[in-house]
Amino acid sequence: MTTRSVGRDITVLGDALEVPGVGFIPVNAFVLHASEPVVVDTGLSLPDRDFLKTLSEAVDPADVRWIWLTHPDKDHTGGIFALLEAAPGARVVTTFLGAGEMTTERPLPMDRVYFLNPGQRLDVGDRSLTAFRPPLFDNPATVGFYDDRSRACFSSDCFGSPLPDGELAAGGDAAEVGPEELRAGQLFWASVDSPWAAVADREKFLGTVRPLREMDPELVLSTHLPPAAGVGLVTRMLDTVGLAPGLDPFVGPDQQALEQMLAGFEPAGAAAAA
């Protein structure tokens, strides 16, 4: 994992996951250095990741007051219980549905939970964070937010894209990706992560994109894309998201393709011995 500052008052905790045949999927968490510090998601649920150690490079975990869980999938919850222990004054911002989903594996302590729905606001001392439902999402508990002080839009999975390079995925900037490559990657990600968009009513869907345009963010922070700064880049990304209705949903490899891939991974010596 990497740490770096972006925009105003924000640290990116960057990571990436390689998916054979697809590329590298960025997996970001964030720290918003408000007067009541906010950690946004807590990384991958993999045994070789030490989220708390990486977080400590950006903020003393004991100072964290809010853990904004954009949704409870495992690429967002890796360090949440370690952080709750290290930050006794922190509360988890989620929804009724998000907390309920967590109970299927390890329940959140309910006295540490703060329910917040799209359209509501959270006061974190020196600013107010406005919750919203991103246009594209893979979990119905998804809630992102807009910080009008930093003009940053925290969009959860929306705007994601696989990338060909692991270093770029974990520690780069979206501006480093060519416009056509980024457009194609975003559309591919939309077909994978939000297949329901294929049958969405286009006008109704564009109605969910419009509030993000009205926010006019300077910075878009997605879990699955390097930070995207600048009005021109953000506008292009919003235009691409608007193309999601009508996309063909992603269809993954079948069993025959899996067997072919596994055969390719088999050591030459083992094949000869057989």
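**Re the overall build of the protein chain**
Right, on to step 1. The helix and strand tally for the protein chain stands at nine helices and 15 strands.
Right, on to step 2. At 19 Å, the protein chain has a C-alpha radius of gyration in line with the 19 Å of a compact globule built from 274 residues.
Right, on to step 3. The C-alpha extent of the protein chain, read off along each of the three principal axes, is 65 × 45 × 35 Å.
Right, on to step 4. In the form shown here, the protein chain has an accessible surface area of approximately 12,500 Å², with 54% of it arising from carbon and sulfur atoms.
Right, on to step 5. Within the protein chain, one finds 20 positive and 39 negative side-chain charges whose respective centroids are separated by 7 Å.

**Description of empty space enclosed by the protein**
Right, on to step 1. Following the criterion strictly, the structure yields one cavity of 30 Å³ or more and no others.
Right, on to step 2. Estimates place the volume of the largest cavity at around 60 Å³.
Right, on to step 3. Lining the largest cavity we find Leu-136, Phe-137, Asp-157, Cys-158, Phe-159, Gly-160, Gln-186, Trp-189, Ala-190, Asp-193, Ser-194 and Val-241.
Right, on to step 4. Of the residues assigned to the lining of the largest cavity, the class counts are seven nonpolar, three polar and two charged.

**Quick look at the packing of aromatic side chains**
Right, on to step 1. By the definition in use, this model includes eight aromatic pairs.
Right, on to step 2. A centroid spacing of 5.4 Å and a plane angle of 80 degrees characterise the contact between Trp-66 and Tyr-114, whose relative ring orientation is edge-to-face. Taken together, the positions of Trp-66 in strand E7 (residues 66-68) and Tyr-114 in strand E9 (residues 113-115) put the pair 48 residues apart, joining distant regions of the chain.
Right, on to step 3. For Trp-66, a relative accessible area of 9% corresponds to the buried category.

**A look at the environment of Pro-164**
Right, on to step 1. Looking at the secondary structure, you find Pro-164 in the loop between strand E13 (152-156) and helix H4 (166-171).
Right, on to step 2. Given a relative accessible area of 56%, Pro-164 falls into the exposed group.

**Side note on the layout of surface pockets**
Right, on to step 1. Here the largest pocket defines a volume of roughly 350 Å³.
Right, on to step 2. Together, 20 residues line the largest pocket, and Ser-45, Thr-77, Gly-78, Ile-80 and Phe-81 are the ones closest to its centre.
Right, on to step 3. Elements that contribute at least two residues to the lining of the largest pocket include exactly helix H1 (51-55), helix H2 (80-86) and helix H3 (96-102).
Right, on to step 4. Ranked by the residues each element gives to the lining of the largest pocket, the list is headed by H2, at three residues.
Right, on to step 5. Residues of the lining of the largest pocket, tallied by class, amount to nine nonpolar, five polar and six charged.
Right, on to step 6. Roughly 200 Å³ of internal volume is contained in the second largest pocket.
Right, on to step 7. What lines the second largest pocket is a set of 13 residues, and nearest its centre among them are Val-19, Val-22, Ile-25, Trp-189 and Val-192.
Right, on to step 8. Those elements giving two or more residues to the lining of the second largest pocket turn out to be strand E3 (16-19) and helix H5 (179-193).
Right, on to step 9. Counting residues per element, the lining of the second largest pocket draws most heavily on H5, which supplies three residues.
Right, on to step 10. Looking at side-chain class alone, the lining of the second largest pocket contains ten nonpolar, one polar and two charged residues.

Conventions and cut-offs
The residue numbers shown here count from 1 along each chain, following its written sequence. Side-chain atom pairs in this predicted model are given and counted only at pLDDT of 80 or more, local residue features only at pLDDT of at least 70, and totals for whole chains, interfaces and linings cover all residues. Side-chain metrics rest on all non-hydrogen atoms present in the structure, leaving aside hydrogens and water. In this text, helices come from DSSP runs of H or I with a minimum length of four residues, and strands from runs of E with a minimum of two, each type numbered from the N-terminal end. We compute the radius of gyration over the C-alpha atoms and compare it with the globule rule, which gives 2.2 Å times the number of residues raised to the power 0.38. Every accessible area reported is derived by Shrake-Rupley at a probe size of 1.4 Å, with residue values counting cover from the shown protein chains alone. A residue counts as positive if it is Lys or Arg and as negative if it is Asp or Glu; His and the chain ends are not included. Charged groups are reduced to one reference atom each: NZ for lysine, CZ for arginine, CG for aspartic acid, CD for glutamic acid. As defined here, a cavity is a set of points on a 1 Å grid over the protein atoms alone where a 1.4 Å probe fits but cannot get out. A pocket is an open set with protein on both sides within 12 Å along at least five of seven lines, and residues line them when an atom is within 4 Å of a point. Grid points are joined across faces, edges and corners, and a volume is the space filled by probe spheres set on the points. Residues are grouped as follows: Ala, Val, Leu, Ile, Met, Phe, Trp, Tyr, Cys and Pro are nonpolar; Asp, Glu, Lys and Arg are charged; every other residue, Gly included, is polar. Only Phe, Tyr and Trp rings take part, Trp by its six-membered ring, and two of them pair if their centres are within 6.5 Å. Stacked means planes under 30 degrees apart, edge-to-face means over 60, and tilted covers everything else. Think of it in three bands: with a 1.4 Å probe and only protein chains considered, a residue is buried below 20% of the maximum accessible area for its type, exposed above 50%, and partly exposed in between.

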